[in-house]
Amino acid sequence: QLQNKILILTICAAGIGGTFQYGYNISIINAPATYIQAFMNATWLERTGAPLESNVVLLLWSFTVSAYPLGGLTGAVVAGPMAIMLGRKMSLLLNNIFVIIAAALSGFSRMAKSFEMIMLSRFFTGMNAGVSMNIQPMYLAESAPKKLRGAVALTSASFTALGLVLGQVVGLRELLGGEESWPFLLASNVVPALIQLTALPWFPESPRYLLIDRGDKESCISALQKLRGTSDLSAELEEMLAEQAAVKGQRAKNPWELFQNPSLRWQLVSIIVLSSAMQLCGNDSMYFYAAYVFQEAGIPRDKIPYVVIGTGSCELITSVTCNMIIDYAGRRPLLLGGYIFMAGWAIVFMVALSQQTQISWMPYLSMACIFAYILSFGIGPAGVTGVLPTEVFDQMSRPAAYMICGSLLWFNLFLVGTAFPFIVKSLAHFCYIPFLVVCVCTALYVGFFLPETKGKSFLEISEEFKKRNFKTKTRSGFYKGPEEIKTTTL
């Protein structure tokens, strides 16, 4: 039981300063939005003697918000080289430097009368999230035993959801969301960073990284003993040595080399489709709609933040549930079910929005849709998407695959954030049509092309993809036969 404890504590130490920060920093910026905009205006007035026009304030605010995904994109790009050169654990530890800089900048921004410091702090916060979103699932999936691999890597999604909820709670007016305390709210992300810096050094580095990347068998065995205890390690070590032999003489690949390699074609297509779909499926935009829909449903304005916490809790509950069932149900059913349900709810949501004013009970239906949509997202796409790159790529391609995944994730987050207000303007109640199309297409892709990876070793998974990648060549080989026969009969 002690070893299970060590695995659980490793997960918590990695998660609290890892993907927890991603969720936390996404949600803490919402509460003080009006105060920060007023601060921008007041600062400008003090500097130049003239107030800012409202559209300029809005522009500055959108810069502040979009600095986060831009930082995330930068983080995702540096995460690959960091994971290879410094190792998984060391990268997570050094990653906290970005948050500490960010907390200092935002915490002192009001004192320094500089709103540019807030923008810069959001960029650094994004960098931290970009690195941890890539390295944490990699570190955990490489440290977990095969039968628990899905559940352990999925905890990344649970920590994101936990961060979201805690961010919403801390951002309440009664806590740190008030007009006086917003710099403390923005700087509060330093607390998880300090917790990780004190806890994570006590736990082992990823055994796979130690053996396959570093070639250090002794350290690998001692890391495995810490994580697994006295249980028989020979089978697991044998599997790792087989993988080490399979990649012998190779070096860690760069992202562009993955695109040139025909044996990785389907793996790449799969992670590109799923990473893009995760942001383009409209889940984050549901949060954008939440306040408006709740207001229409007759919830008093000052009570809405409490109901919004309910939406975050939905994602948390489902990602924890998903954790428990992923290694029984498998990856495909969860992804497929998630996207099919989201497509269904998107249709109901659009109908409910269009009838909002005509039928008295419609606002309640759209409220139910918001919860159902977020639940469907949490049960599959939210967690499984982050697990797949670890499972479908070998040790040498994995960091590069996560760089591609992470870059797509952040680029699409930026894209949706920028485009969604315009989509709402032009499509009004039918603004979910683009998201509906994405959900349907992704469900079709998962249904027809994605193999199941549950309970298989990394080598078995890559064999399965090898069959797919080279299936077309063998087919074309068979077709040549009859043609030749025809020519001889002529």
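Source: prediction; values computed, not measured.

## With respect to the domain arrangement of the chain
Piece 1. Segmentation of the chain into domains returns domain 1 (1-203) and domain 2 (257-471).
Piece 2. Using C-alpha coordinates to define each centre, domain 1 is positioned 21 Å away from domain 2.
Piece 3. Listed as interface residues are 42 residues of domain 1 and, on the opposing side, 44 residues of domain 2.
Piece 4. A buried area of about 3,300 Å², summed over both sides, lies between domain 1 and domain 2, and 68% of it is on carbon and sulfur atoms.
Piece 5. Its largest share of buried area at the contact with domain 2, domain 1 owes to Arg149, Leu154 and Gln168, together 18% of the area lost on that side.
Piece 6. The tally of links between domain 1 and domain 2 comes to 2 salt bridges.
Piece 7. Notably, a salt bridge pairs arginine 149 with glutamate 391, separated by 2.9 Å at the nearest N-O pair.
Piece 8. Applying the counting criterion to the domain 1 and domain 2 interface returns 9 residue pairs in polar contact (both at pLDDT 80 or more).
Piece 9. When contributions to the side of domain 1 that touches domain 2 are tallied by element, the ones reaching two or more residues are α4 (54-85), α8 (116-143) and α9 (149-170).
Piece 10. Take the side of domain 1 that touches domain 2: its biggest share by element is 14 residues, from α9.

## As for the packing of helix α13 (residues 217-228) against helix α14 (residues 234-246)
Piece 1. Two elements in contact, α13 and α14, have axes separated by 11 Å at closest approach and are oriented at 140°. In terms of their interaxial angle, α13 and α14 are classed as oblique. Crossing angle aside, the handedness with which α13 passes α14 is right-handed. Between α13 and α14, the contacting residues are Lys217, Cys220, Ile221, Leu224 and Arg228 on the first element and Glu236, Leu237, Met240 and Leu241 on the second.
Piece 2. Of the residues assigned to the contact of α13 with α14, the class counts are 6 nonpolar, no polar and 3 charged.

## Overview of empty space enclosed by the protein
Gaps left between atoms show up when a probe the size of a water molecule is rolled over them.
Piece 1. Throughout the structure, instances matching the rule amount to 1 cavity of 30 Å³ or more.
Piece 2. Here the largest cavity is characterised by a volume of approximately 40 Å³.
Piece 3. In terms of lining, the largest cavity is formed by Ile28, Ala102, Ser106, Ser121, Arg122, Thr125, Leu186 and Asn189.
Piece 4. Breaking the lining of the largest cavity down by element, the ones donating at least two residues are α6 (96-107) and α8.
Piece 5. Broken down by element, the residue count for the lining of the largest cavity peaks at 3 residues, all from α8.
Piece 6. In terms of residue class, the lining of the largest cavity is made up of 3 nonpolar, 4 polar and 1 charged.

## Quick word on the environment of leucine 316
Piece 1. Following the sequence through the fold, leucine 316 ends up in helix α18 (residues 304-329).
Piece 2. Between the C-alpha atoms of leucine 316 and serine 158, which are 158 residues apart in sequence, the distance is 5.9 Å.
Piece 3. Not counting chain neighbours up to four residues away, the residues in contact with leucine 316 comprise Ser158, Ala161, Leu162 and Val165.

## What to know about a nonpolar patch on the surface
Piece 1. Judged by side-chain polarity, Met85, Leu86, Met90, Leu94, Ile97 and Ile101 come together as a nonpolar surface patch covering roughly 510 Å² of accessible area.
Piece 2. Elements supplying a minimum of two residues to the nonpolar patch: α5 (88-94) and α6.
Piece 3. Its place among the elements puts leucine 94 in helix α5.
Piece 4. Since its relative accessible area comes to 32%, leucine 94 is described here as partly exposed.

## Regarding the packing of aromatic side chains
Piece 1. Overall, the coordinates contain 11 aromatic pairs when judged by the stated rule.
Piece 2. Note on phenylalanine 20 and tyrosine 24: the rings are 5.7 Å apart at their centroids and 15° apart in plane angle, and the pair reads as stacked. Remark: tyrosine 24 and phenylalanine 20 occur in helix α2 (residues 19-28); sequence separation between them is 4 residues, near one turn of the helix. The same class applies to phenylalanine 20 and to tyrosine 24, which are both buried.
Piece 3. Seen in terms of ring centroids, tyrosine 445 and phenylalanine 449 are 5.3 Å apart; in terms of plane orientation they differ by 40°. Their pairing is tilted. Linking tyrosine 445 with phenylalanine 449, this pair stays in helix α23 (residues 433-449), spanning 4 residues, or about one helical turn.

Cut-offs and rules
Residues numbered from 1 in each chain as written. Predicted model: local features only at pLDDT ≥ 70, side-chain atom pairs only at ≥ 80, totals over all residues. Heavy atoms only, no water. Domains from an automatic or database assignment. Contact = heavy atoms within 4.5 Å. Buried area = accessible area lost by both parts, 1.4 Å probe. Salt bridge = Lys/Arg side-chain N within 4 Å of Asp/Glu carboxyl O. Polar contact = N/O pair within 3.5 Å; in protein donor to acceptor, adjacent residues only side chain to side chain. Helix = DSSP H or I, 4+ residues; strand = E, 2+ residues; numbered from the N terminus. Axes fitted to C-alpha atoms, helices over the stretch in contact; angles between N-to-C directions. Parallel < 35°, antiparallel > 145°, perpendicular 65-115°, else oblique. Left-handed = near helix turned anticlockwise from the far one by under 90°. Nonpolar A, V, L, I, M, F, W, Y, C, P; charged D, E, K, R; others polar. 1 Å grid on protein atoms, 1.4 Å probe; cavity = no way out; pocket = protein on both sides within 12 Å on 5 of 7 lines; lining within 4 Å. Points joined across faces, edges and corners; volume = space filled by probe spheres on them. Patch = residues over 30% accessible without salt bridge, like charges linked within 9 Å, V, L, I, M, F, W, Y side chains within 5 Å. Areas by Shrake-Rupley, 256 points an atom, 1.4 Å probe, with all protein chains shown as cover. Buried < 20%, exposed > 50% of the residue type's maximum accessible area, 1.4 Å probe, protein only. Phe/Tyr/Trp six-rings, centres within 6.5 Å; stacked < 30°, edge-to-face > 60°.

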